Amino acid sequence: MKKRWLLARLGVVGILLATTLAPTPAQSISASLSAQDSPVWQTNASVQGIAVAAGKAYVGGRFTSVRPPGSALGTNEVGQAYLAAFDASTGDLVAAFNPVLNGQVYAVAASADGSRLYVGGDFTTVNGVTRNRIAAFDTATGELVTNWKPSVSYRVKTISVSGSTVYFGGSFGLVNNVERLRLAAVTGDVGTLLPWAPAVNGDVYAVDVADDASKVYAGGQFSTVNGTNQNTVSSLDPTTGAVLPFPAASAVPPPNGSCTTRVKAIDASGDTVYFGNGGDGGGCFDGTWAADVATGALKWKNQCLGATEALKVVNGWLYKGSHAHDCANAGAGGFPQGAGYRFLLTESLEDGTLGPWYPNTNAGPPTEVGPLAFATGGSDLWVGGDFTQTNGLGQQGLAHFTNAGPGAAPAKPAKVLPSSVQPGAVQVHFQTVVDNDDTTLTYRLLKGFSNTTIATWTAKSTFWDRPWLHYTDTDVTPGEVTNYRVEVTDGSTTLRGNYSDPLTVATTASTAYDQIIASDGPQAYWRLGEPVGATTSVDTSGQSNNGTFTGMTLGSAGAIAGNTAATISTSSGRMVGEKAYSMPQQFTVEAWVKQSVTRGGRIIGFGNSKTGNSSSTDRMLYMRSNGQVTFGVNDGVKQTINSASNKNDGQWHHVVGTFDNGAMTLYVDGVSAGSLTTGQASLYYGWWRIGYDNINSWSGGGATQTNMAIDEAAVYPYALTAAQVQAHFSAR
């Protein structure tokens, strides 16, 4: 029998699969755009506004020069300040469009037919003639429109064109010397000031008009419009400027002493309007939300943390520019704090959940936020911002993503580490890889130098959640020498990992404890048998998760003959693995422990600190002062399972905790001590730790820790079965 199994997390149930499976082929691009950026010229400083019209991408910002892709800052520079155009297909500079502005551009918008380009910002002259903060260009000739010259008293931050009307917002108080408090409208043909005049008491950052022209939406740093309370967002009549009912605005929390959040981006598309917020203060609302245009009702809200600066609907997805750093909590459904910043994301139009698109930029001066502006020509995405890198390579200020080509390639699979401890059987365990625009990939396990496919999976993975795949090959002969490798494909690009080292299939059942553990595929296995004086705990799983000893004494007699153990010699003695993991929802923690009467302590578990004491701790085994062994997982409530007492009897005990998407079980000395059904384990980024951590808030977690001996500690990326646990205990 050949066994193949997939153990994933975050709601994917572990499955035991036999013989063959006909997988759904992976697609090379799961979202509507490739995560691989296309070549485009760069800028030497931030891009703050973009519009696509007449076959060109018009880009405005604070830059003063542009340069080809691949050129380092200061090389091959072409002087072009504040406003430039690039070919929408090739990304090349359109040299014929070379207006001269005397100040930076914040807003760029085009008429529906692409014949007119409107720009706003801080400038007061264009091509040597007066244009106070707003101007129009003819896209056919590239010339300034001579008879379109509204005069705005201060910065224009945002522009939206609807039919024959140009709406704009910013920091101004006058247009043509007539009071217009931060919002105004003019005609698109000759710039005649219209009576539309909502009175806003704070700066406007974003304006957009519903596709059916029924409403104008404004967002920014304001609290009243026309004297009525409007917390940072308002729905307005496009003719009168009156405030319209907008119940979805309740999605934005009111300011308080620790949080002030503001609408910074708006994109109306079809029957829905989408908003992005940026907040001040820890945990303040930075996410996105969607409202029904007709009713004003809230459709959904995504509470990723990390200010949202840009939004654009492209090909059925909402693309988002932000510096998101925590998308795990409050139902956001993504990666946890600690997994790094993601400056580019996509979200479902239906419910706002994160989609399968993970390119990235960095953030640069002066704003240090990353993307600031989006635009589309219909089936692509232009990204402007303060970044200096795109997808890890130098690409400053401007990036372009399309749906042409095969998309991003999956990462190369790691070299596998097969093992054989039973005659006629080989176990293979390997971790899935990441493809930044295709979260569902097809994997094949290849055997021998003939590369014969012996197993196939289709599995989902993301940069923060890479499940492991497992296979038991029984189509082998005792004593046979063979090898294995993994192949992955996204439906377009196929990559193969390196061959494993040659493996001799077992002829007799192994009785070596470490070999039996290794055959079950731990993602970390610390034998803790280092010599006295060693400072590093070696991970023997092959996954390179070594750790550092602190306050632990080495060299005492171990639980397994021929290997020594580590003893906690201080009240905070511990060893922390160097690799971090994102909120595992399937795992096993295992160790041998020996403790004296009336003492206890933490044995092994998860915590959110690599060096000090953790503020979040769970997924752990610890001992109470009465000798009970406890397995604890926090699903919002500290859920625990306790063994019988008196395990602090000075003898070695085998302790194991397993968790499989809410099903937790504690084993002591090979026998189940109880099970419990819980919710999702805590959503944070952390490290597996042996020994001490901060668990005083857990029931019975404050026992004196010193003198506890720990041996053969292991962590697995799935829940061991009862039979596997019993086999490990019996192998001593």
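Within every chain, residues take consecutive numbers counted from 1 along the sequence as written. Local features are withheld for residues below a pLDDT of 70 in this predicted model, meaning they are given only at 70 or higher, and side-chain atom pairs are given and counted only at 80 or more; totals for whole chains, interfaces and linings count all residues. Processing note: side-chain calculations cover all non-hydrogen atoms of the structure and skip hydrogens and water entirely.

### What about the confidence of the model for the protein chain?
- pLDDT is a per-residue confidence score from the predictor, ranging from 0 to 100. Residues of the protein chain with pLDDT of at least 70 account for 96%, and the chain-wide mean is 95.
- Of the regions scoring below 50 in pLDDT, residues 7-26 engages in 61 contacts with residues more than four places distant in sequence or in other chains. Residue contacts are counted whenever heavy atoms from the two residues lie within 4.5 Å of one another.

### What to know about the environment of G700
- Think of it this way: any DSSP run of H or I at least four residues long counts as a helix, any run of E at least two long counts as a strand, and we number them from the N terminus. Along the polypeptide, G700 turns up in the loop between β59 (685-691) and β60 (709-716).
- Any residue under 20% of the maximum accessible area for its type is buried, any over 50% is exposed, and the rest in between are partly exposed; the area is computed with a 1.4 Å probe on protein chains only. Classification of G700 by relative accessible area gives partly exposed; the value is 33%.
- Sequence spacing of G700 and V589 is 111 residues, and the spatial spacing of their C-alpha atoms is 19 Å.
- Ignoring any residue separated from it by four or fewer positions in sequence, one finds G700 in contact with Y622, M623 and R624.

### Structural notes on the side chain of R485
- Along the chain, R485 falls in strand β42 (residues 484-489).
- Buried charge without a salt bridge: R485, with E487 as the nearest opposite-charge side chain at an N-O distance of 7.5 Å.
- Only 3.4 Å separates the side chain of R485 from the side chain of N451, close enough to count as a polar contact.
- Nitrogen and oxygen atoms within 3.5 Å of one another constitute a polar contact, given that in protein one can donate a hydrogen and the other can accept it, and given that sequence-neighbouring residues count only through two side-chain atoms. At 2.9 Å, the side chain of R485 and the backbone oxygen of G497 are in polar contact.
- Setting aside chain neighbours within four positions, we find R485 in contact with V416, R444, L445, L446, N451, R496, G497, N498 and Y499. Within this scheme the basic residues Lys and Arg register as positive and the acidic residues Asp and Glu register as negative, but His and the chain ends are omitted. Each salt bridge in this description consists of a side-chain nitrogen of Lys or Arg and a carboxyl oxygen of Asp or Glu lying within 4 Å of one another.

### Side note on the environment of Q680
- Take Q680: it is sitting in the loop between β58 (671-677) and β59.
- Accessibility expressed as a relative area gives 41% for Q680, which makes it partly exposed.
- Spatially, the C-alpha atoms of Q680 and G103 are 52 Å apart, while their sequence positions differ by 577 residues.

### Here we look at the packing of aromatic side chains
- Two aromatic rings from Phe, Tyr or Trp, using only the six-membered ring of Trp, form a pair when their centres are within 6.5 Å; if the ring planes differ by under 30 degrees the pair is stacked, by over 60 it is edge-to-face, and anything between is tilted. Going through the model one piece at a time under the given rule, you end up with 32 aromatic pairs.
- Geometrically, the ring pair formed by F168 and F172 is tilted, given 5.4 Å between the ring centres and 50° between the ring planes. Of the two residues examined, F168 and F172, each falls in the buried class.
- Centre to centre, the rings of F587 and F659 are 5.4 Å apart; their planes meet at 20°, and the pair counts as stacked. One end of the pair, F587, is in strand β51 (residues 586-594); the other, F659, is in strand β56 (residues 653-660), and 72 residues separate them in sequence.
- Using a relative accessible area of 0% as the deciding quantity, one classes F659 as buried.
- Members of the aromatic cluster, each reached through a chain of ring pairs, are F587, F606, F631, F659, Y684 and W688.
- Only Lys NZ and Arg CZ are tested; either one counts as a charge over a ring when it is within 6 Å of the ring centre and within 35 degrees of the ring normal. Of note, K301 hangs over the ring of F285, and the distance from its end group to the ring centre comes to 4.5 Å.
- Over the aromatic face of Y499 sits the side chain of R485, whose NZ or CZ is 4.0 Å from the ring centroid.

### Focus on the pairing of strand β49 (residues 564-568)
- For β49, a buried count of four out of five residues is recorded, marking the element as mostly surrounded by other parts of the structure.
- In this analysis, strands are considered paired if DSSP registers two or more bridges between them. Direction of pairing for strand β48 (residues 552-557) relative to β49: antiparallel, over a ladder of five bridges. Paired with S556 across the bridge in β49 is A565.
- In this antiparallel pair of consecutive strands, β48 and β49, the connection spans six residues, and G562 shows a positive phi of 90°.
- Summarising the sheet, β49 and β60 pair through two bridges and their orientation is antiparallel. Along β60, the bridge assignment pairs T567 with A709.

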